[in-house]
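# Analysis of the macromolecular model
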Amino acid sequence: MSSSPPRESMKTIPRTIGILMIALLTLGMVEGLLPSHGVSVTPPVTFTFYFGGDTGYYSGVYTEAMASHQLVKSDFFLNLGDISYNGTSNGNPPTGNEVDWCNFIKANVQNRLGNPNYPYVMITGNHEDGHATLDGTNDGYIDAFIGDRCMPLSAFNSQSTAGSGYINFIGSGLCTESTTCYGKEGYFDYPASNPIARIITITVADTVGNVSSTRVNYNYCPLSVCSQNTSSPSPTERAMDAHWNWLTGVVSAAKNAGLWIIVAFHKPCLVPDLLEGCEGNGNYNGHNPNYQLETYLMSHGVDVILTGHAHIHARSKQLTCLGPTEPPSDSKIDITYSQSCVANDGSSGVYNRGAGTVQIIEGAFSQRNDQLNFSRSDTNYFAEAMSARGCCWQYGNGVGNVCCWQYGNAMNLTAGNDLGMMTVNATQISYNFLPSGIHSRTVAGASEFTDSFVIKSPSNPTNGSSPPGGLSPLILGALVAAAIGVIAIVIVTISRRRKISDENPSKPLATADETGET
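Just so you know, these numbers come straight off a predicted model, no measurement behind them.

Rules and cut-offs
Residues numbered from 1 in each chain as written. Predicted model: local features only at pLDDT ≥ 70, side-chain atom pairs only at ≥ 80, totals over all residues. Heavy atoms only, no water. Phe/Tyr/Trp six-rings, centres within 6.5 Å; stacked < 30°, edge-to-face > 60°. Helix = DSSP H or I, 4+ residues; strand = E, 2+ residues; numbered from the N terminus. Buried < 20%, exposed > 50% of the residue type's maximum accessible area, 1.4 Å probe, protein only. Lys, Arg positive; Asp, Glu negative; His and termini not counted. Salt bridge = Lys/Arg side-chain N within 4 Å of Asp/Glu carboxyl O. Contact = heavy atoms within 4.5 Å. Pairing = 2+ DSSP bridges. Axes fitted to C-alpha atoms, helices over the stretch in contact; angles between N-to-C directions. Polar contact = N/O pair within 3.5 Å; in protein donor to acceptor, adjacent residues only side chain to side chain. Expected span 1.5 Å × (residues − 1). Disulfide = S-S within 2.5 Å. Core = buried A, V, L, I, M, F, W, Y, C linked by side-chain atoms within 4.5 Å. Right-handed = clockwise from strand over helix to strand, strands pointing away.

## Some remarks on the packing of aromatic side chains
Tallying each qualifying case throughout the model produces 22 aromatic pairs. Where Phe51 meets Tyr431, the ring centres are 6.1 Å apart and the plane angle is 40°; that geometry is what we call tilted. On the criterion of sequence distance, the pair formed by Phe51 in strand S1 (residues 46-52) and Tyr431 in strand S20 (residues 428-435) is long-range, its members being 380 residues apart. In this structure, Phe51 and Tyr431 share a single accessibility class: buried. Centre to centre, the rings of Phe374 and Trp405 are 5.6 Å apart; their planes meet at 35°, and the pair counts as tilted. Highlighted residues: Phe374 in the loop between strand S15 (358-362) and strand S16 (382-386) and Trp405 in strand S17 (residues 404-406), separated in sequence by 31 residues. For Phe374, a relative accessible area of 9% translates into the label buried. Residue Trp405 is classed as buried on the basis of its relative accessible area, which comes to 8%. Members of the aromatic cluster, joined through ring pairs, are Phe47, Phe49, Phe51, Phe76, Phe188, Tyr190, Tyr351, Tyr431 and Phe453.

## Remarks on the side chain of Asp82
Tracing the backbone through its elements, the reader meets Asp82 in the loop between strand S2 (76-79) and helix H3 (98-113). One buried charged side chain, Asp82, makes no salt bridge at all; its nearest oppositely charged neighbour is Lys267, positioned 8.1 Å away. When sequence neighbours within four positions are dropped, the list of residues in contact with Asp82 reads Asp54, Thr55, Gly56, Gly125, Asn126, His127, Glu128 and His266.

## A few points about the pairing of S16
Among the five residues of S16, five are classified as buried, and the element is accordingly described as predominantly covered. In this sheet, S17 lies alongside S16 in antiparallel orientation, the contact comprising three bridges. Note that in S17 the partner of Met386 across the bridge is Cys404.

## Considerations on the sheet that holds strand S4 (residues 170-171)
Reading across from one edge, S4-S5-S6-S9-S10-S15-S11-S16-S17-S18 is the order of the ten strands in this open sheet, with mixed pairing throughout. The open sheet has two edge strands with one neighbour each: S4 and strand S18 (409-411). The strands that helix H7 (residues 235-256) touches are S4, strand S5 (185-190), strand S6 (197-202) and strand S9 (260-264); relative to S6, the one it contacts most, it runs at about 165°.

## Describing helix H8 (residues 289-299)
Counting buried positions over the eleven residues of H8 gives nine, a clear majority of the element. The N-terminus of H8 is capped by Asn288, whose side-chain oxygen sits 3.0 Å from the backbone nitrogen of Asn290. Backbone geometry just downstream of H8 places Gly301 in the positive-phi region, at approximately 90°.

## What about H7?
Side chains three or four residues apart in an α-helix point the same way, a direct result of the helix having 3.6 residues per turn. The terminal C-alpha atoms of H7, which comprises 22 residues, lie 32 Å apart, in line with the 32 Å expected from a rise of 1.5 Å per residue. Glu237, Met240, Asp241, His243, Trp244, Trp246, Leu247, Thr248, Val250, Val251 and Ala254 are the residues of H7 that are buried. A positive backbone phi angle near 80° is found at Gly258, which sits one or two residues after H7.

## Some words on the state of the cysteines
Per the stated rule, a full pass over the model turns up six disulfides. At a sulfur-sulfur separation of 1.9 Å, the disulfide partner of Cys221 is Cys226. Taking the torsion about the sulfur-sulfur bond, which here is approximately 75°, the covalent link between Cys221 and Cys226 counts as right-handed. Here Cys221 and Cys226 have matching classes, each one buried. Two residues, Cys269 and Cys278, share a disulfide whose sulfurs are 1.9 Å apart. For the disulfide bridge between Cys269 and Cys278, the dihedral angle about the S-S bond is near -100°, and by the sign convention the bridge is left-handed. For the pair formed by Cys269 and Cys278, the shared burial category is buried. When the bonded cysteines of the protein are numbered from the N-terminus onward, they pair as 1-2, 3-4, 5-6, 7-8, 9-10, 11-12.

## Observations concerning the nonpolar core
Among the nonpolar cores identified, the biggest contains 92 residues, and Phe49, Leu78, Ile200, Ile202, Leu306 and Met422 are the most heavily contacted of them. Counting residues per element, this core draws most heavily on H7, which supplies six residues. Setting aside residues no more than four positions away along its own chain, Ile200 makes contact with Gly186, Tyr187, Trp246, Leu247, Val250, Val251, Ile261, Ile262, Val263 and Ala264. Counting 22 residues, the second largest nonpolar core, distinct from the first, contains Val271, Ala310, Ile312 and Leu322.

## Description of the side chain of Ser457
Considering the arrangement of structural elements, one finds Ser457 in the loop between strand S21 (452-456) and helix H9 (473-503). At 3.5 Å, the side chain of Ser457 and the side chain of Arg353 are in polar contact. Setting aside chain neighbours within four positions, we find Ser457 in contact with Trp260, Arg353, Ala426 and Thr427.

## Observations regarding the sheet that holds S1
Sheet architecture is open: seven strands sit in the order S3-S2-S1-S19-S20-S21-S14, paired in mixed fashion. In the strand order of this sheet, the two ends are held by strand S3 (120-122) and strand S14 (350-352), each with one partner. The sheet shows a mean angle of 20° between the axes of neighbouring strands, taken without regard to direction. Here three bridges tie S2 to S3, and the two strands are oriented parallel to one another. Within S3, the position partnered with Leu78 by the bridge is Val121.

## Remarks on unusual backbone geometry
Look at the link from Ser74 to Asp75: it is a cis peptide, with omega at 15°. Counting through the fold element by element, Asp75 comes out in the loop between helix H2 (63-69) and S2. Here the bond from Tyr190 into Pro191 is cis, since omega is -15°, no more than 30 degrees from zero. With respect to the element layout, Pro191 can be found in the loop between S5 and S6. With a phi angle near 70°, Cys181 is a residue other than glycine that sits in the positive phi range. Within the element layout of this structure, Cys181 appears in the loop between S4 and S5.

## Some thoughts on the pairing of S1
Burial analysis of S1 places six of its seven residues in the buried class, the great majority of the element. Relative to strand S19 (residues 418-425), S1 runs antiparallel, the two sharing six bridges. Residue pairing in the sheet places Phe47 in a bridge with Val424 of S19. Relative to S2, S1 runs parallel, the two being bridged by four bridges. Bridge assignment links Phe49 to a residue of S2, and that residue is Phe76. Handedness of the crossover is the feature at issue here: the chain leaves S1, passes through H2, returns alongside S2, and the resulting connection is right-handed.

As structure tokens, this is what we get:
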């Protein structure tokens, strides 16, 4: 006859299961407390914003700019720079043609929407840097655009409570000629009362200021990279390091808070057109600050980059880096394509959150004079691209007069001016290309260029409608394991007591106090 296991051995079974159960529960609780790339909000929040760059008059005519502005709706608009191509030039007071442009915006956006405080958020482009262009014309000054006579920040940042449309802009404090840094460098979390996203607006590869002695060079690069002498850096190198530390701190804090991270500026480093390149506004210890900036953004949890400057539309693949070769600063040399930088080629129109960064160039809001360059290496980093120009660049393989690029193929499509629309909730970002209705290029029998995509949280692989804040798989697993543990304890305890009762039929079952167990 087999012998029964010792009582002490039997006691350890439920105790062991209990310890394992507690460990699993603790693991689930810790995992729930750790920062994650997702935020839970109650009630669920969704907002939509519109964006575009190079919004000003096209060849002195406002038709294209008006058509695109007529599509703008709530919740806010991001102007990605090169606002009007008219305004104050160096030596003139900051009350020039910027005011005329602001009246144009008020008529076509705020007044049309019936909301004088509609947030029309501005970002400095190279045509708002406060000093004249090479030919001395077509320039403006960002502080004039956002001044009291024009479209001040206070119009949508001074409500007594954080209500609908409220923008709580927080500047870096590293700007001159400005008390808020609005238009130059800062961020806002949206919605202010229940944020799910951080929108960071910066100036890149440009020197901004209406007076030469107070101009600020907006480049982002740490001393460890861009300084020739880290123990005694130049004032410019110290400034770049200060901007770098501010930006990286703002990005890191947003990531730890689980917010979507959207970074918006005017000049992209990555671009598939004929004329533009990775502008760095100077050469620092052999490095290109713009390349350093975008490399950091793509490798540190930024979800979307929004830019203008190139008068085209383009949407990148989901990227984690910009290839192995850093281009010289301010050059037109291609960025080297590397497949290892591509997390998702974008052909499905669905990206996974946290896998990399999607960059959008939205510079055809009213302009259409730039052309795509299908032969440059970095064009392969893009999933889709469009030139609104009626006749596009002839390239190496003999195919010409095509406007568009879709998943590695040159396409002959109807094209024109556009703006971007982005809808954000706690689990998904969705983007739609919105044609303004003005086709500068019509192809008989050809379909119209389109573009759209979504970025979805891994916990929400099928749609963005499920409520945020659900339990993670690890927490759910811990709870299931705990339930199994409780059942196992009960079964073992009952089984053991029955065995004791069978062996000692005249002796009542021991109480919990007698056995020392619960």
